Amino acid sequence: MYDAVRGDDAGGGCVCSAGADSRMGVFGAMLLRDDAGGSVLVGVVCFAAAVVVTVFCTRLRKNNKQQEQTKEDEET
């Protein structure tokens, strides 16, 4: 399977559609292996954590801007 990644595969046993490079299909096939489930799970968990951090920072920034605007309005 890793021969296709290096470019050593002559096209035999290609897991991709016709016309596509044989290396492109190998990466999807690697995710379908039995021992790749942990890596997929880690990727999904990391993505979800990044979304939560992004939403938190966006709300915090918005809240800080509103507080600054309120302080400026009170001063004038």
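Remember, predicted model here, so these are calculated numbers, not experimental data. (Residues numbered from 1 in each chain as written. Predicted model: local features only at pLDDT ≥ 70, side-chain atom pairs only at ≥ 80, totals over all residues. Heavy atoms only, no water.)

A tally of helices and strands in the chain yields three helices and zero strands. Of the regular secondary structure in the chain, the N- to C-terminal order runs α-α-α. Residues classed as buried in the chain amount to 8% of the 76 residues present. Surface accessibility of the chain: about 6400 Å² in total, with carbon and sulfur atoms responsible for 60%. (Helix = DSSP H or I, 4+ residues; strand = E, 2+ residues; numbered from the N terminus. Buried < 20%, exposed > 50% of the residue type's maximum accessible area, 1.4 Å probe, protein only. Areas by Shrake-Rupley, 256 points an atom, 1.4 Å probe, with all protein chains shown as cover.)

Let us look at a nonpolar patch on the surface. Taken together, F47, V51 and V55 make up a surface patch of nonpolar side chains, about 270 Å² in accessible area. Secondary-structure assignment places F47 in helix 3 (residues 37-75). (Patch = residues over 30% accessible without salt bridge, like charges linked within 9 Å, V, L, I, M, F, W, Y side chains within 5 Å. Salt bridge = Lys/Arg side-chain N within 4 Å of Asp/Glu carboxyl O.)

Turning our eyes to something else, we now look at the confidence of the model for the chain. Averaged over the chain, the pLDDT score is 77; the fraction of residues at 70 or greater is 57%. Within the chain, the lowest mean pLDDT, 53, falls on helix 1 (residues 2-6), and the highest, 92, falls on helix 3. (pLDDT = per-residue confidence, 0-100.)

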